[in-house]
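Each chain, written out:
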Amino acid sequence: MNNPKIIESIIPPPPHHWVGNGFKVNGFMPGGIRSESRMSPFFLLDYNAKVEFPPSEKQRGVGVHPHRGFETVTIAYKGKVEHHDSAGNHDVIGEGDVQWMTAGSGILHKEYQEKEFSKKGGIFQMVQLWVNLPAKHKMTTPKYQPITYNTFGKYILPEDNGIVNVIAGSYKDIKGAAYTFSPMNVYDIKLNKDSTFEFDLPEKYNTCILMIEGDSAINDQRVSENNLVLFKNSGTEITLNALTNCTFLVLSGEPINEPIAAHGPFLMNTDKEIQVAIDDYYAGKFGTLED
Ligand code: MN
């Protein structure tokens, strides 16, 4: 390596908290990474590490709530996630699938473990990201992108040693499936045991890797399952060595250098905009959705 990306820290899972009764999450952002702009445009990373849920007659999850000013991105690794929103979208994503919801000017939604999955119980594992929107796009019309595993851009490693799934952005000339409002790369990378993959990401992009499955060495440092590697904005090259079969979630994006005003489910630039969001929500401007 001539210009390796320098590792700033390797962060073990922070203490978990519950989102509703369906998502047992480790709050890597904000929380594990303290500064709320450190991984901009990524603002929040809630990680539900593998956990076994017992069968439940009632669907587990979180009821109707609003969002404004950003995008929620949910990646299902184990189990299935069901979604309803006030723009009329209803969807289920299964293992490997992604839902990319642009809350924009305002939306109500509810998020659950899928009905049949809830009934049967089983291993559940997912990630939810909050991707910030640049000020000029915060009030964009809400939209929903269901991105199933087979629609990712795909790069197959030589000798079938693994795969780079491009969820957003690009890898070489392979384009991701998601439309984004600012430049970023989101990769799901799977490597077979003892295989290696080298790639580049821009120096100025904020970059981290979450170890979803397996143990690895990343730029020669050991990384255990469920840990997160945060890189400095220095160097471009990343080398992944799979010590077991591995799944990596790579997040890398151009920082949005704008003020952040965060309050509950709203992510704006100023406190005044937060107050407007709260007022609009209570005035019913986010639409309607039945519980
Ligand atoms: Mn939500």
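Every value quoted in this text rests on a predicted model; they were computed, and no experiment measured them.

### Some points on the nonpolar core
It is characteristic of soluble globular proteins that their nonpolar side chains tend to be buried jointly.
For step 1, the next point in the chain: Counting residues in each nonpolar core, the largest one holds 31 residues, and the members touching the most others are L45, W100, V127 and L251.
For step 2, the next point in the chain: The element best represented in this core is strand 4 (residues 42-53), accounting for four residues.
For step 3, the next point in the chain: Ignoring sequence-local partners within four residues, the contact set of V127 consists of L45, D46, Y47, V73, T74, I75, Y77, L210, I212 and L249.
For step 4, the next point in the chain: Listed in part, the 24 residues of the second largest apolar core include L191, F199, V223 and C246.

### Looking at the pairing of strand 19 (residues 206-213)
For step 1, the next point in the chain: The element strand 19 is largely enclosed, with a buried count of seven among its eight residues.
For step 2, the next point in the chain: Sheet topology places strand 19 next to strand 24 (residues 246-253); seven bridges connect them, and they run antiparallel. Considered in strand 24, the bridge of T207 is made with S252.
For step 3, the next point in the chain: Bridging between strand 19 and strand 22 (residues 228-231) involves three bridges; their strand directions are antiparallel. From the neighbouring strand, L210 faces strand 22, where its bridge partner is L228.

### As for the coordination of the manganese ion
For step 1, the next point in the chain: The coordination sphere of the manganese ion, as far as protein atoms go, consists of H65 (NE2), H67 (NE2), H109 (NE2) and E111 (OE), spread over 2.1 to 2.4 Å.
For step 2, the next point in the chain: One chain supplies every donor for the manganese ion, spaced along it as H-x1-H-x41-H-x1-E. Taken together, the residues span a long stretch of sequence, with H65 in strand 5 (residues 61-67) and E111 in strand 10 (residues 107-113) at a distance of 46 residues.
For step 3, the next point in the chain: The class of E111 is buried, set by a relative accessible area of 7%.

### Points about the environment of A103
For step 1, the next point in the chain: The residue A103 is located in the loop between strand 9 (98-102) and strand 10 in this model.
For step 2, the next point in the chain: Residues contacting A103, with those up to four places away along its chain left out, are H67, R68, F70, E71 and P142.

### Re the sheet that holds strand 20 (residues 216-218)
For step 1, the next point in the chain: Strand order in the open sheet made by the four strands is 18-23-20-21, with antiparallel pairing throughout. In this open sheet, the two edge strands, each paired with only one partner strand, are strand 18 (196-200) and strand 21 (221-223). Strand-to-strand twist of the sheet, defined as the mean angle between neighbouring strand axes without regard to direction, takes the value 25°.
For step 2, the next point in the chain: Pairing analysis gives three bridges linking strand 20 to strand 21, with the strands arranged antiparallel. Within the sheet, the bridge partner assigned to I218 lies in strand 21 and is Q221.

Conventions we followed
- Within each chain, residues carry numbers counting from 1 in the order of the written sequence.
- Totals for whole chains, interfaces and linings use every residue, but because this is a predicted model, local features are given only for residues with pLDDT of at least 70 and side-chain atom pairs only at 80 or more, for both listing and counting.
- Hydrogens and waters are ignored; side-chain quantities use all the structure's heavy atoms.
- Think of a nonpolar core as a cluster: buried Ala, Val, Leu, Ile, Met, Phe, Trp, Tyr and Cys residues, connected wherever their side-chain atoms sit within 4.5 Å.
- Classification of residues uses two cut-offs on accessible area relative to the type maximum, computed with a 1.4 Å probe and protein chains only: under 20% is buried, over 50% is exposed, and between them is partly exposed.
- Secondary structure counts use DSSP, requiring at least four H or I residues in a row for a helix and at least two E residues in a row for a strand, with both numbered from the N terminus.
- Any two residues whose heavy atoms approach within 4.5 Å at even a single point are treated as in contact.
- Only strands joined by at least two bridges in the DSSP assignment are considered to pair.
- Only nitrogen, oxygen and sulfur atoms qualify as donors, provided they sit within 2.8 Å of the metal or within 3.2 Å for Na, K and Ca; with water excluded from the atoms, sites may seem incomplete.
- To obtain each axis, a line is fitted to C-alpha atoms, and for helices this fit is confined to the stretch in contact; angles are then taken between N-to-C directions over 0 to 180 degrees.

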